[in-house]
Structure formats: structure tokens, C-alpha cells
Amino acid sequence: MDKAKPFSISKWEVWEAYKRVKANKGAAGIDGQSITDFEEGLKDNLFKIWNRMSSGSYFPPPVRRVDIPKDNGGTRPLGIPTVADRIAQMVVKRYLEPILEGHFHSDSYGYRPEKPAIEAIGVARQRCWRYNWVLELDIKGFFDNIDHDLLMRAVRKHTDCKWVLLYIGRWLKASAQLEDGSLIHRDKGTPQGGVISPLLANLFLHYAFDIWMQRQYPQIPFERYADDGICHSRSKAEAEGLRIAIERRFAECRLELNLQKTKIVYCKDSNRGGDYPDQKFDFLGYTFRPREAKDRKGRYFVGFNPAISNKATKSIYDTMRQWNLHRRTDKSLDELAQMINPVIKGWINYYGHFRKSALYRTFQPLNNTLVRWACRKYKSLRRYCHKGRLWLHGVMHRQSKLFAHWQLSQIKAGQ
């Protein structure tokens, strides 16, 4: 530690931040420098970050703005900081996160350690059984519209550390650089893609929503993952009143509720009568809706339960299509399995947590691709691709654990 520096930031903290950033990977920022490039002069690069942060002379460069396509035809702006800036942000995050964690609401799940999304799904599932109605919330352009003054006021409630306040203020004001090189100057919002942004977004909604709900509507439970949230109500009238109140609350916090996507949903099951137009909603990659189920005595009933959503299924389809496995005839079947199994296992671990049998159809196109691969690779199968299907079934029978998704066939058969 250099006592001549105005801010006491240890070199060890910068080193730990670097290790976290490296583990998270990520694309290059406006300087085009990858993590591998950064590591070529690792010692000097880390020293520069420490020296500038400790002296108060660190100024973040603009973030590289990338527009990510959305399903509705629009785009979602993503701000990608440079590797060095991600490390600097991680230093501040590592300082601030432990302070804030003890204050956050138990039903806030987004971007928090030990608060996985799948836990939010499980809690929502149980509450949908106990409450007849759900208010599904959607905030219009949340990350782009966070008010800087309100956010900094929230930060100051939890720390008076001068260098933390200084650098958060600078990151909030950092410009975004478009592909043509032009700069967009910001007076509100925090860019998605930044290391510190999710923590700041959670802090903002902690006061704008979580604490407000706890104070004004303690009888209404909710689950919030970043800016995605659902509230549980016992009646439609209660849900409608809550929607109006939340709209007003967000307006006070300079946010806007997207009324086209915010809706009230009836959690219909065998014990609930009535016919209402909205009986399903999506939350964190799952669709909640009435589904046939079987109780312990083998009797069928309708329950309101989650399973993988069509949007998540389409995203998986798109990723699998990009693999172009049918063209990888230079690889053996075992090598293909080694390539893709880690990703498939990740999908199954998350989307198979509830209603795993629903994943069976999700991976059918992958089996079709493997048949196409076999027909390209083996001469004996090229003219008669129905033989390719027989060949694949034979491999599945002999090596049922070769591909991670093949075990779903046994689950489907059992149900």
C-alpha cells in the first residue's frame, strides 16, 4: 500500500478483480483488447489500474455499444466496457456488494450470490398454488432510464467511501460509442454489460420497489429478478389496484411501467373455476400455465405449473443451429458429444428443474442433425437416410449416456 496515495486500494484487490473478470470472460471493448491481449502486459496493465484508481485519476473510457436483437423486432442496447475498465468496476463491486447484500430483500434474486434464478421459479410456483392471481410486471427500458441522482442517493445511504462514490459517478456518466465511432453522452441509465451495473440496478429497485412493497403491501408476496417481477394477489381487484399503485410509484422514481406487457394472470387449476383470457405468463425462461399432472395416487388433475418457455426453446434451437454439427464430419461421434455436452447439461440443469419431460421435444432437432451428420460421414447411409435414423437409435440403445439429452428419452417414456 502506498500511503502517499489519496485512496487506500490494495494491489491484491486489483489482482482478485482481474481473476474474477478473467473467469467471466467477455468481449473486447472499444480498444479491441481481449483478455488474452491484456495478459501480454499483465503486470504493467494491473499496475496502471491500481495506480490510477488509488490516485483518483482513473477515468473510464466509453463503453462499446452493441444492439442485441429482440424477439419483438426491436433491439436491446448492450454496453461493453474495456477489459481494464471491467477490472476497475470489479474492484468497486467487490467492496460494495458485501455491504449491500445484508440489506437486500429476500425475494430479490437477480445477480446476487447464492440467489439463483431457479430458486425464484420454485418460490413463484408454490405461491401460484396459494394465490389465485399474478401481476406480471414489465419496466420500459429500465437500465437506460435509471435516474442518476436517485441512484447516487441510494449508494450514499450505504457507504461514504470517497473513491467508491467518485468512480460510480464517473461510470454513470461515461459515454457509449456506436459502431460508426460517434459518442452518445448519458445523463441517465447504467449500461447493461457493465460489471457494476447489475448491483446498482438492484440497489435502485430495492428502494423503488422492494422496500416500498414491504411497507405499502406487506400482504402481497413477489419475486423480482433484476427488472423482471411478479406479484401474487388473492383477487383480481387487488391485482388491478396494485398495478395502478406501482405505476404511480415508478413515475415518482422516474421509471415507466410498460402497460402493454404488464398483465394480470389467472392461475387456473382443478380447484379454481372461472374462465379468464390471461392464464399464463413467462418468468425467467419458464412458462407458467395450467398443465395436466398426476398425484401420488396416480390420479390426474390440472395444476398451474412451470415448464420451459417457447422463447427459451427457440433460443436453444438457434444456438444448436449455429453449431452446424451436420457439417462436422471431421469429428467422431464421441468428439461431438464432448464438444456440446457441457452446454446441453447446462440447459437441462436449468430448464429441466421443473417438468423435465417438456425438454424432450426441445432436443429432437438435435437428433435430426446427428442423423444428417451420419448420412454425410458414412457412405453406406448416404442414399438411404432412413437407415441413418435406425443407426442413431442403435447408438442410443448401446450408449444411452453418450449425449446428455438422450436420457430425456427415458424420462419421456416413463411419463
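Residues numbered from 1 in each chain as written. Predicted model: local features only at pLDDT ≥ 70, side-chain atom pairs only at ≥ 80, totals over all residues. Heavy atoms only, no water.

### Digging into the overall build of the protein
Phase 1: When you go through the protein residue by residue, the secondary structure sums to 16 helices and 11 strands.
Phase 2: Dimensions of the protein, computed from C-alpha atoms along their principal axes, come out at roughly 75 × 60 × 40 Å.
Phase 3: Counting all 415 residues of the protein, 48% fall into the buried class.
Phase 4: Entry remark: accessible area of the protein is about 21800 Å², with carbon and sulfur atoms responsible for 48%.
Phase 5: Looking at charge distribution, the protein has the averaged site of its 71 positive side-chain charges lying 7 Å from that of its 44 negative ones. (Helix = DSSP H or I, 4+ residues; strand = E, 2+ residues; numbered from the N terminus. Buried < 20%, exposed > 50% of the residue type's maximum accessible area, 1.4 Å probe, protein only. Areas by Shrake-Rupley, 256 points an atom, 1.4 Å probe, with all protein chains shown as cover. Lys, Arg positive; Asp, Glu negative; His and termini not counted. Charge placed at Lys NZ, Arg CZ, Asp CG, Glu CD.)

### A few points about the pattern of salt bridges
Phase 1: Considering all chains together, one arrives at 17 salt bridges under this definition.
Phase 2: For glutamate 16, the salt bridge goes to lysine 19, with nearest N and O atoms at 3.0 Å. With a gap of three residues between them, glutamate 16 and lysine 19 both fall in helix H1 (residues 11-24), about one helical turn apart.
Phase 3: A salt bridge links lysine 22 to glutamate 39; its shortest N-O distance comes to 3.2 Å. Of this pair, lysine 22 sits in helix H1 while glutamate 39 sits in helix H2 (residues 35-40), and the two are 17 residues apart along the sequence.
Phase 4: Under the relative-accessibility criterion, lysine 22 is labelled partly exposed at 42%. (Salt bridge = Lys/Arg side-chain N within 4 Å of Asp/Glu carboxyl O.)

### Examining the environment of glutamine 192
Phase 1: As for its placement among the helices and strands, glutamine 192 is situated in the loop between strand S5 (183-184) and helix H9 (197-216).
Phase 2: Considering only alpha carbons, one finds glutamine 192 and alanine 23, 169 residues apart in sequence, at a separation of 19 Å.
Phase 3: Setting aside residues up to four positions removed in sequence, glutamine 192 forms contacts with Arg76, Pro77, Leu78, Gly79 and Phe143. (Contact = heavy atoms within 4.5 Å.)

### Remarks on the packing of aromatic side chains
Phase 1: Inspection of the entire model under this criterion finds 26 aromatic pairs.
Phase 2: On the numbers, 4.9 Å between centres and 85 degrees between planes, the contact of tyrosine 350 with tyrosine 351 is edge-to-face.
Phase 3: The buried category is assigned to tyrosine 351, whose relative accessible area is 16%.
Phase 4: Ring centres of phenylalanine 403 and tryptophan 406 lie 4.9 Å apart, and the angle between their planes is 55 degrees; this geometry places the pair in the tilted category. Neither phenylalanine 403 nor tryptophan 406 differs from the other in exposure class; each is buried.
Phase 5: Through successive ring pairs, a cluster of aromatic residues spans Tyr286, Tyr350, Tyr351 and Phe354. (Phe/Tyr/Trp six-rings, centres within 6.5 Å; stacked < 30°, edge-to-face > 60°.)

### Some thoughts on unusual backbone geometry
Phase 1: Phi angles above zero are rare outside glycine, and glutamate 114 is one such case at about 65 degrees.
Phase 2: Among the structural elements, glutamate 114 can be located in the loop between helix H4 (83-101) and helix H5 (117-130).
Phase 3: The phi angle at arginine 355 is positive, at roughly 55 degrees, despite the residue not being glycine.
Phase 4: On the secondary structure map, arginine 355 appears in the loop between helix H12 (333-351) and helix H13 (364-377).
Phase 5: Its relative accessible area of 34% is what places arginine 355 among the partly exposed residues.

### With respect to the sheet that holds strand S4 (residues 176-177)
Two modes of strand pairing occur in sheets, parallel and antiparallel, and in both the strands are linked by backbone hydrogen bonds.
Phase 1: Spatial strand order, S2-S1-S4-S5: four strands in an open sheet with mixed pairing. The open sheet has two edge strands, strand S2 (75-80) and S5, and neither has a second partner.
Phase 2: Here S4 pairs with S5 via two bridges, running antiparallel. Each bridged residue has a counterpart across the sheet, and for alanine 176 the counterpart in S5 is isoleucine 184. (Pairing = 2+ DSSP bridges.)

### Looking at the environment of asparagine 349
Phase 1: For asparagine 349, the position within the fold is in helix H12.
Phase 2: Given a relative accessible area of 57%, asparagine 349 falls into the exposed group.
Phase 3: Linking asparagine 349 and serine 270, residues 79 residues apart in sequence, is a C-alpha distance of 29 Å.

### Focus: a positive patch on the surface
Phase 1: Taken together, Lys70, Arg76, Lys261 and Lys311 make up a surface patch of like positive charges.
Phase 2: Following the sequence through the fold, lysine 70 ends up in the loop between strand S1 (63-69) and S2.
Phase 3: Its relative accessible area of 37% is what places lysine 70 among the partly exposed residues. (Patch = residues over 30% accessible without salt bridge, like charges linked within 9 Å, V, L, I, M, F, W, Y side chains within 5 Å.)

### A word on H9
Phase 1: The terminal C-alpha atoms of H9, which comprises 20 residues, lie 27 Å apart, in line with the 28 Å expected from a rise of 1.5 Å per residue.
Phase 2: Where H9 bends most, at histidine 206, the angle is about 50 degrees. (Expected span 1.5 Å × (residues − 1). Bend = angle between axes of the 7 residues up to and from the residue.)

### Here's the deal with the sheet that holds strand S9 (residues 281-283)
Phase 1: Taken together, the three strands give an open sheet; going across it, the order is S9-S10-S11, and neighbouring strands pair in antiparallel fashion. Strands with a single pairing partner mark the edges of an open sheet, and in this sheet they are S9 and strand S11 (300-308). Recorded for the sheet is a direction-independent mean angle of 50 degrees between the axes of neighbouring strands.
Phase 2: Pairing of S9 with strand S10 (residues 286-294), which is carried by three bridges, proceeds in the antiparallel orientation. Bridge pairing in S10 places phenylalanine 281 opposite phenylalanine 288. (Axes fitted to C-alpha atoms, helices over the stretch in contact; angles between N-to-C directions.)

### A look at the nonpolar core
Phase 1: Judged by nonpolar contacts, the single largest core of 68 residues is most densely connected at Met53, Ile87, Trp163, Cys231 and Ile246.
Phase 2: If one sorts the elements of this core by residue count, H9 sits on top with 10 residues.
Phase 3: When near neighbours in sequence (up to four residues on either side) are disregarded, cysteine 231 contacts Trp133, Val134, Leu135, Leu137, Phe209, Met213, Ile220, Pro221, Phe222, Leu242 and Ile246.
Phase 4: With 51 residues, the next largest nonpolar core counts Ala226, Ile340, Leu370 and Val371 among its residues. (Core = buried A, V, L, I, M, F, W, Y, C linked by side-chain atoms within 4.5 Å.)

### Overview of the packing of helix H3 (residues 42-55) against H4
Phase 1: Their axes nearest at 10 Å, the elements H3 and H4 cross at an angle of 50 degrees. Considering their axes alone, H3 and H4 lie oblique with respect to each other. In the packing of H3 onto H4, the handedness of the crossing is right-handed. Two secondary-structure elements touch here, H3 through Leu46, Ile49 and Met53 and H4 through Ala84, Ile87, Ala88, Val91 and Val92.
Phase 2: Taken together, the residues of the contact of H3 with H4 break down into eight nonpolar, no polar and no charged. (Parallel < 35°, antiparallel > 145°, perpendicular 65-115°, else oblique. Left-handed = near helix turned anticlockwise from the far one by under 90°. Nonpolar A, V, L, I, M, F, W, Y, C, P; charged D, E, K, R; others polar.)

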